[in-house]
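Letter by letter, the chains look like this.
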Amino acid sequence: MKFMPKTLDYELSPYTGLTRESWLEAGIYMLEGIFSNIDDFQKPVVMPRKETEITYPHLKDSREAQAIQRTAEVFEGLTRSFFIAAPVMANIPDLRVCGYPCAEYYKNQVLRVCTKGDPLYVGTYEDQQRIAGDGDPFRTFQQTVETCALVICLWVSKKQIWDTYTKAEKDVIAAFLDSYAHAGTVPQNWRLFNMLDMAFLHMEGYPIQRDIMRDHAQAVLAYYAGDGWYRDGHSFDYYSCWAFNVYGPIWNLWYGYENEPYIARRFEENSDKLMETYGDFFDRDGWTNMWGRSNIYRNAATSAFDGNLMMPRGKADPGRARRISSGSLMQFLGREDFLYQGVPTLGFYGQFSPLVQGYSCAESPLWLGKAFLCLHLPAEHPFWTAKENNGTWEELGEKEVKVTCLDGPALCFSNHQANGETILRTGKVVKRPGDVHGMWNYSKLCYNTKYPWEAEPDGLGTATGEQTEMPQGRSGREAGEPKSIEAGRKQAAGEGDFADEDIAWVEAQQYVLRDGPASERAQAGSAARTETPQSQASKSAEAMSGEKPASARANVTFWHGQRDGILYRRQFFGYNLETECHWIQAINLADFAVPYGILRVDRLRLYKAPVRLTLGSYGFPDNGTEIFEETCGGAKAIILKGRDATGREKQMAMTIFDGWQELSLMHSTGTNPDSEKSLVLYASMERRKHYGGFEPYVLISQVITKESHEDFRQEELFPVEEVSYTDPERCGSFGPVTLRMKDGSVRVVDFDGIEGRMEL
C-alpha cells in the first residue's frame, strides 16, 4: 500500500503539503514495512528476496565468498534501515514499531554485530581476510561501506543509543570500527567511509592515525571536477550528491573544521557550488532522474540538500530544498508498486532487474533512508520553516526552456516549462564495449525525469504494420489500416534491405550501428534473435575487429560542450584502447532543447560501409496506447498517447527529417521501469557505399513529450521550416548546417573545431 500522509499544510508547503510531521509519518511507514518481516526481537534486518540471479549473496560463489556476503547482508540491513530509524527515534525517543521498542532493538543489534562470538557478529576487517583466505592489504569488503552508515546513525541517535552504552560496550564497537577505519578501501567515494569512521572515533575520544586521515582527505579533494561534482571512479553520477556532498559536510562538523580547516573550507565551497545549480537537476514536480548506477537508492539524491544545510553557512535555498525533497519522496512512496513485502523493490519504481548491480542485496535500497537525515535538522531550522518555492519553475515563461551546461562533470540539463520535465545530456563516459548495463546507466543520449530509461527492447522481429491497428485520427487513416510506414510492411515480411532481423538492434535513446550489408546480416538474423542482451553485447565487442557483421552501441561519449545553444559531443561504437580512433565507427552529436524535448542534428563519422543505424525514442509505457502518424513534406512523425502505471496521461512523438529513411515502432515486455509493457519508436537508415555516393552524413530527428493528451501542434511536431547545407549535394558532408525554425529562430550546427577539444 502506498504512503498516504496524514498531516498536510498547503500554506507552508503549497506544492506538496508535506511538513516535518509528514516526514516522520513517512519514516514510520517505512519502518513498519521493514519490521513486519522481523518475527523475533533477536533476528536481524534480513528482508524477503525477490531476485536471486544478480544480487548477493551470490548462490554460485564459493562457500567462503558466500559466508562473507551473508554477514555483509546482515550488516547492510541493519545500518541502512538505521538511516530511517535513527532520525525518527531522535524525534520520537519511545518509538515502537510492530510492537518493538526501536531504540532497544537497534542498540541490541549494533552491539551484537560488533561482538565476537555472537551469532550475528559480522567480523572485523582482519576476520574477513581470514575467511577470504588471503592477507591482501588492498582487499576491500562491503562492511566498510556500512560502518560509515553506522557511525552517522549513532551520531544522529546519540542520546537514544550511543550514550546508553557502557564504556566497555563502546570499546567493543570502537575496536570493530577501528579495524575498518584504518584498513584498505576503494579509491573513490569509499575513502569517505574511512574518514567518517576515524572522525567518529576521534570525536568520541579514541585514537586515530591522522596521517591516514589526511591521505584520504587530500585524495577526495583531488577528485573534484568543478560545479560541485566529484569524479567517482571515471564516472559522474549521484555519488557526488548522496556521498561526497553528504559525507564531506558531516566530516567537516566532526573533524575538518577543527583539524583540517583548509580541506574543510574546500568541501564547504564545493557543496555550496553544487547548490547553485542542483535544484534544476530535478523537474517541476521535484522528481529524481533515473541515471547512473545504484538508482535503486532513488530519492537519496536529495540528501545533498541536507548535507549543505547542516553546515553553519550552507547556501541552499531551504524552501526549494524541502519542496524537491518532498516531491521526490512522494515520487516513490506514492506508488503502489514501490514496496515488495514492505521493503523497497530492487528497481526504480517496481522490481526492475536491468537496473540492479551485483553489489546490491535485498536490503540495499534502504540507502534511500539517507533522505530522512533531514529530520536531524531541528524543527526551527529554515529547511522546515521556510515556505516551499519552486525556484526556476516559477520564473520560466509558458514555453521557455532553461539550459544549464556544466563542463567539469559534463552534464547538460534543461528545464522545460511546457511539460515540466527535466532532460539530462551527459558526456565523459567510458564503458567496456560489452558493458550493456553501464551504457544504459550512462551512455544514453538523453535521460528524462518522466521517462526513466528503457532496457534493450525485446520485440525482436516485431514490425509496426503487424502489431497494432491505426485508429482513425490525426493521420486520417481508417481503423484497421496498418499504421506503419512502408518499412513496417517490409520488416514484417522480411523483404528488402530492412529485414525484420534488424529490428532486434534497437535501443531507447541510443544509436545502434550494424556493420555489413543486409545480405550478410540476414544470415545472422535468426541466431541474433535468440541471444541475450549480454551475449549480443559481447559479440558486438568481438565484431569491432571486422570478423563478421555485428551490432555496436556507443560505449564512449566524448564531451565538447555547448556553443551558441547547441551541445556538441561524440560517441564511438565499440571504442577500445587497442584501436586508433579513426578505425572505430563514430558519430558526432549536436542537439538543442525545444519546448517539449530535444532536436538532434548529428553527423556520421564512419570509416567503412555498408552500415545500418537505428535511433530509439524514450521507452513509452504501454497500458493501452493510441498510435497516430503524420507527415509534413519529407518529414514523418509517429505520436503515442497513453498512460503510465499510475494512470497519468502520457504523450510522445518522434519526428524524422533529413538523413533518415524509415520511422517504425516496436513493442517490448519487461524492459520499462514503469510498466510491464512498453513501446519504442525508432528511426533507421542505411549507408550502402564504402566511399562516395553522396549519401547522407547528417541525421535530423526530434523526440518530444507531453504529460497530457492535448494534441501537439503542427509546428511542434515539425518545427523545422528549412535546412540549408554547405555542400551542393545537400548531404551535410562538410560545413555548417543551418536550420531555419518555424518560430523564426535560426540554429547553425557547425562541427568544425570540435576535434581540438574532446574531453573524457
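As a reminder, the structure under discussion sits directly above these lines.
Just so it is clear, the structure is predicted and the values come from calculations on it, not from any experiment.

A. Summary view of the overall build of the protein. Across its full length, the protein holds 19 helices and 28 strands. Going through the 760 residues of the protein one by one, you find that 62% of them count as buried. Sequence-distant contacts in the protein: of pairs separated by 6 or more residues, those separated by 24 or more amount to 69%. Accessible area of the protein: about 26300 Å², with a carbon and sulfur share of 50%.

B. Broad picture of helix α7 (residues 190–203). The end-to-end C-alpha distance of α7 is 20 Å, a good match for the 20 Å that 14 residues give at a rise of 1.5 Å each. In terms of burial, α7 is largely enclosed, as 12 of its 14 residues are buried. W190, R191, L192, F193, N194, M195, L196, D197, M198, A199, F200 and L201 are the residues of α7 that are buried. The elements touched by buried residues of α7 are α5 (143–156), α6 (167–181), α8 (210–222), α9 (239–259) and α10 (261–278). Remark: G205 follows α7 within two positions and exhibits a positive phi of approximately 90 degrees.

C. Representation of the side chain of S240 within the structure. Mapped onto the elements of the fold, S240 is located in helix α9. Polar side-chain contacts of S240 include one of 2.7 Å to the backbone nitrogen of Y230. Ignoring sequence-local partners within four residues, the contact set of S240 consists of W229, Y230 and N245.

D. Inspection of the sheet that holds strand β26 (residues 720–725) at higher detail. Spatially, three strands are ordered β26-β27-β28 in an open sheet, and the strand pairing comes out antiparallel. Of all the strands in the sheet, just β26 and β28 (746–749) have a single pairing partner and so form its edges. The average angle at which neighbouring strand axes cross in this sheet is 15 degrees, direction not considered. By the bridge criterion, five bridges tie β26 to strand β27 (residues 737–741) in an arrangement that is antiparallel. Considered in β27, the bridge of V720 is made with M741.

E. Inspection of the environment of G248 at higher detail. Mapping G248 onto the fold places it in helix α9. When its relative accessible area of 2% is taken as the criterion, G248 is described as buried.

F. Expanded view of the packing of α7 against α9. Packing of α7 against α9 leaves a shortest axis separation of 10 Å and a crossing angle of 35 degrees. In this structure, α7 meets α9 at a crossing whose hand is left-handed. Contacts from L192, F193, M195, L196, A199, F200, H202 and M203 in α7 reach A243, F244, Y247, G248, I250, W251, W254, Y255 and N259 in α9. Its residues assigned to classes, the contact of α7 with α9 shows 14 nonpolar, three polar and no charged.

G. Main features of the sheet that holds strand β9 (residues 421–426). The strand order across the open sheet built from four strands is β7-β8-β9-β11, with neighbouring strands paired in antiparallel fashion. Edge positions in the open sheet fall to β7 (401–406) and β11 (447–448), since each of these has one partner strand only.

H. Representation of the side chain of N415 in the model. Position of N415 relative to the elements: it lies in strand β8 (residues 411–416). For N415, the side chain forms a polar contact with the main-chain oxygen of D280, separated by 2.8 Å. What N415 contacts, discounting residues up to four positions off in sequence, is D280, F282, T392, W393, L396, E400, V401, K402, E421 and T422.

I. Structural context of the nonpolar core. If you look at the biggest cluster of nonpolar residues, it comprises 146 residues, and the most contacted ones within it are F82, W251 and Y278. With near-sequence residues (within four places) excluded, F82 lies in contact with P87, M89, Y106, V110, L150, C153, L154, S157 and I161. The next biggest cluster of nonpolar side chains, apart from the first, holds 36 residues, and it includes V594, A637, F657 and I754.

J. Geometry of the environment of T288. On the secondary structure map, T288 appears in the loop between α10 and α11 (303–309). A C-alpha to C-alpha distance of 6.5 Å links T288 and N299, two positions 11 residues apart in sequence. Here S328 takes part through its side chain, which lies 2.7 Å from a polar atom of the side chain of T288.

K. Spatial organisation of the packing of aromatic side chains. All chains considered together, the criterion is met by 57 aromatic pairs. Pairing Y125 with F141 gives two aromatic rings, centres 5.4 Å apart and planes at 80 degrees, and the pair type is edge-to-face. In this pair, Y125 sits in helix α4 (residues 125–132) while F141 sits in the loop between α4 and α5, placing the two residues 16 residues apart along the sequence. What makes Y125 buried here is its relative accessible area of 4%. Residue placement shows R687 over the ring face of Y697; its charged tip is 4.6 Å from the ring centre.

L. Structural detail: α8. Taking 1.5 Å as the rise per residue, α8 with 13 residues should run 18 Å; its terminal C-alpha atoms sit 18 Å apart, in good agreement. Within the span of α8, buried status applies to M213, H216, A217, A219, V220 and L221. Against α7, β3 (224–226), β4 (229–230), α9 and α10 lie the buried residues of α8.

Here is what the cut-offs are and how they apply
- Residues numbered from 1 in each chain as written.
- Predicted model: local features only at pLDDT ≥ 70, side-chain atom pairs only at ≥ 80, totals over all residues.
- Heavy atoms only, no water.
- Helix = DSSP H or I, 4+ residues; strand = E, 2+ residues; numbered from the N terminus.
- Buried < 20%, exposed > 50% of the residue type's maximum accessible area, 1.4 Å probe, protein only.
- Contact = heavy atoms within 4.5 Å.
- Areas by Shrake-Rupley, 256 points an atom, 1.4 Å probe, with all protein chains shown as cover.
- Expected span 1.5 Å × (residues − 1).
- Polar contact = N/O pair within 3.5 Å; in protein donor to acceptor, adjacent residues only side chain to side chain.
- Pairing = 2+ DSSP bridges.
- Axes fitted to C-alpha atoms, helices over the stretch in contact; angles between N-to-C directions.
- Left-handed = near helix turned anticlockwise from the far one by under 90°.
- Nonpolar A, V, L, I, M, F, W, Y, C, P; charged D, E, K, R; others polar.
- Core = buried A, V, L, I, M, F, W, Y, C linked by side-chain atoms within 4.5 Å.
- Phe/Tyr/Trp six-rings, centres within 6.5 Å; stacked < 30°, edge-to-face > 60°.
- Lys NZ or Arg CZ within 6 Å of the ring centre and 35° of its normal.

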